[in-house]
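Analysis of the macromolecular model
Residues per chain, in single letters:
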Amino acid sequence: MSTLQSLFVLLLVAYMGGFLMGGRGLRGRGLPSGSEWLVTGLVVGPSALGLVGGADVAHFAPLALLAAGWIALLVGLTFGVDRERRIGAIDVALGVFVGSLSFAGVAGAVYLVLARVPSAGALFPGPRERVAIAVCIGAALADTSRHVARWASERLGAEGPLLERVAGITRSDDIVPIAAMSLLISLDASRGVPAIPLAGFGLGGALGLSLAGLLGRSHRPVAFWSLLFGFSLLATGLAERLDLSVLGAGFSLGLFLAIASPLRARARELAGGVEGAIILPALFLAGARTEAVSAPALWILGAALLARLGTALVAAAVVAAVDPRARRGGPGLSLAFLSTGPLGIAIALSVNLRYPGPAGSLVLATTVAAALAGEFLGPPALRRALRRAGEVPP
């Protein structure tokens, strides 16, 4: 397939994403986080049928980076908010705890395998390389998909305190993996750039405040959209040029815009309107860039998935201990925290682009495997928990 044909496929995927996830399509179609597009990318990519060649995938690397930055912008805009409902301090604290638990559990398991399994450790012999691999995989698997709660609300018609608790946690744990990746990249001086901790957050925050000032109280859609999209491109380009975290800059841009601008609701509406048109092509590109891992690398992948499952069980137990209402969901609630969302794919894509080769390929393959497993296990488990709690209508 030529590059022009590949571009046409991406445009078609973007159109389908805007149609199916933008409110015009049927809410009953597709998986909650759109992971069927991951599978599509895998099938047509170089590792399977080869309909999209490796050179074509490489040509679209800038688009993948822009998509990752936009996903982080969406997360920042909606951080601490479920639609227009403010998320309580308890939910935010639980979200940060769940994200930290998942990150620490997965990163620790990966580092332990690298240290104790000789064949896996031989792939990444250096201590700094092992730390980077552990942090990247831990960050990519630390996020719990917020789309699962939205899927339960829109498709099942569920509502109640348990669903609100799950939605609050999944919209608050995103800051942990973004902060971990921003810190890792800002401390990486291998490209000759001085290490400035969390500098990506500072860049995005300055741009977010500038954007809020330029917007003022104007409701003109064209000017609003032009500024929002233009600043997202500026944040991504500057972060990449300055060797900072694209995810940190995008998240901080959205967060500070939501804090400082009186038009924050309008910004969330505009950015969310193109969510599908950005996320689905990013998932497609992630699937197309995924490569088969070697046998020693399977030790790392398997350890990461098992650790993610274990941390989900612990997270559900902690939530049930804090909130007695969550106990009505039963044991099925544990797997509801297993789903990883588009943010995890965005993190894996950014790692794959920054560290090409075995490291980036392993992080992306592990994240794709976790996303597919969580997509098929998480939503049914949440549905059972909500039915048991009486929050799904007959």
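Structure: see above.
Predicted model, so just to flag it, every value in this text is computed and none were measured.

About the cut-offs
Residues numbered from 1 in each chain as written. Predicted model: local features only at pLDDT ≥ 70, side-chain atom pairs only at ≥ 80, totals over all residues. Heavy atoms only, no water. Salt bridge = Lys/Arg side-chain N within 4 Å of Asp/Glu carboxyl O. Helix = DSSP H or I, 4+ residues; strand = E, 2+ residues; numbered from the N terminus. Buried < 20%, exposed > 50% of the residue type's maximum accessible area, 1.4 Å probe, protein only. Lys, Arg positive; Asp, Glu negative; His and termini not counted. Polar contact = N/O pair within 3.5 Å; in protein donor to acceptor, adjacent residues only side chain to side chain. Expected span 1.5 Å × (residues − 1). Contact = heavy atoms within 4.5 Å. Phe/Tyr/Trp six-rings, centres within 6.5 Å; stacked < 30°, edge-to-face > 60°. Axes fitted to C-alpha atoms, helices over the stretch in contact; angles between N-to-C directions. Parallel < 35°, antiparallel > 145°, perpendicular 65-115°, else oblique. Left-handed = near helix turned anticlockwise from the far one by under 90°. Patch = residues over 30% accessible without salt bridge, like charges linked within 9 Å, V, L, I, M, F, W, Y side chains within 5 Å. Areas by Shrake-Rupley, 256 points an atom, 1.4 Å probe, with all protein chains shown as cover. Core = buried A, V, L, I, M, F, W, Y, C linked by side-chain atoms within 4.5 Å.

Per the counting criterion, the structure on display carries five salt bridges. We note a salt bridge from aspartate 174 to arginine 146, for which the minimum N-O separation is 2.4 Å. In this pair, aspartate 174 is assigned in the loop between helix H9 (161–170) and helix H10 (175–186) and arginine 146 in the loop between helix H7 (127–140) and helix H8 (147–155), connecting sequence segments 28 residues apart. Looking at aspartate 174, the relative accessible area reads 1%, which means it is buried. Of the charged contacts in the structure, one is a salt bridge between arginine 354 and aspartate 243, with a shortest N-O distance of 2.6 Å. Of this pair, arginine 354 sits in helix H18 (residues 342–354) while aspartate 243 sits in the loop between helix H12 (221–241) and helix H13 (246–260), placing them 111 residues apart in sequence. Since its relative accessible area comes to 12%, arginine 354 is described here as buried.

Along the chain, arginine 308 falls in helix H16 (residues 295–322). Buried and unpaired, arginine 308 has aspartate 173 as its nearest opposite-charge partner, separated by 6.0 Å. Among the polar contacts listed, one links the side chain of arginine 308 to the backbone oxygen of leucine 141, at a separation of 2.6 Å. Side-chain polar atoms of arginine 308 contact the side chain of threonine 144, separated by 3.5 Å.

Moving on to H10. In an α-helix there are 3.6 residues to a turn, and that puts residues three or four apart on one side. Along its 12 residues, H10 runs 16 Å from first to last C-alpha, staying within 8% of the 16 Å computed at 1.5 Å per residue. Of all 12 residues making up H10, nine are buried, and the element is well covered by its neighbours. Turning to H10, its buried residues number three or more, namely Val176, Pro177, Ile178, Ala180, Met181, Ser182, Leu184, Ile185 and Ser186. On its buried face, H10 is in contact with helix H4 (61–77), helix H5 (89–116), H7, helix H11 (199–215), H13 and H18.

What follows covers the packing of aromatic side chains. A full pass over the atoms with the stated rule returns three aromatic pairs. Both rings, one in tryptophan 70 and one in phenylalanine 229, keep their centres 6.0 Å apart while their planes meet at 55°; by these two values the pair is tilted. On the criterion of sequence distance, the pair formed by tryptophan 70 in helix H4 and phenylalanine 229 in helix H12 is long-range, its members being 159 residues apart. Residue classification places tryptophan 70 among the buried positions, given a relative accessible area of 3%. When its relative accessible area of 35% is taken as the criterion, phenylalanine 229 is described as partly exposed. Summarising the aromatic geometry, the rings of phenylalanine 201 and phenylalanine 251 are spaced 6.1 Å apart at their centres and angled 85° between planes, so their arrangement reads as edge-to-face. With phenylalanine 201 in helix H11 and phenylalanine 251 in helix H13, this residue pair connects regions lying 50 residues apart in the sequence. The class for phenylalanine 201 is buried, based on a relative accessible area of 18%. Aromatic rings pair up to connect Phe79, Phe201 and Phe251 into one cluster.

With that settled, the discussion passes to the environment of aspartate 173. Summarising the element assignment, aspartate 173 is placed in the loop between H9 and H10. According to the relative accessible area criterion, aspartate 173 is buried, its value standing at 0%. Leave out the neighbours within four places in its chain, and aspartate 173 touches Gly95, Val96, Gly99, Ala142, Asp143 and Thr144.

What follows deals with the packing of H4 against H18. At a closest axis distance of 9 Å, the pairing of H4 and H18 adopts a crossing angle of 140°. By the angle class used here, H4 and H18 are oblique. Two packed elements cross with a definite hand, and for H4 against H18 that hand is left-handed. On the side of H4, the interface is formed by Ala61, Ala64, Leu65, Ala68, Ile71 and Val75, while H18 contributes Pro342, Leu343, Ala346, Leu349 and Leu353.

On the surface, Leu63, Leu66, Phe229 and Leu233 cluster together to form a nonpolar patch covering roughly 300 Å² of accessible area. Counting through the fold element by element, leucine 66 comes out in helix H4.

This next bit is on the nonpolar core. By size, the foremost hydrophobic cluster in this structure holds 64 residues, and its most contacted members are Leu38, Val110, Ile133, Ile137, Met181, Ile300 and Ile347. Beyond its immediate sequence surroundings of up to four residues, isoleucine 137 is in contact with Val106, Val110, Ile300, Ala304, Leu362, Val363 and Thr366. Formed by 27 residues, the second largest nonpolar core is a distinct cluster that contains Val98, Leu162, Ala336 and Phe337.

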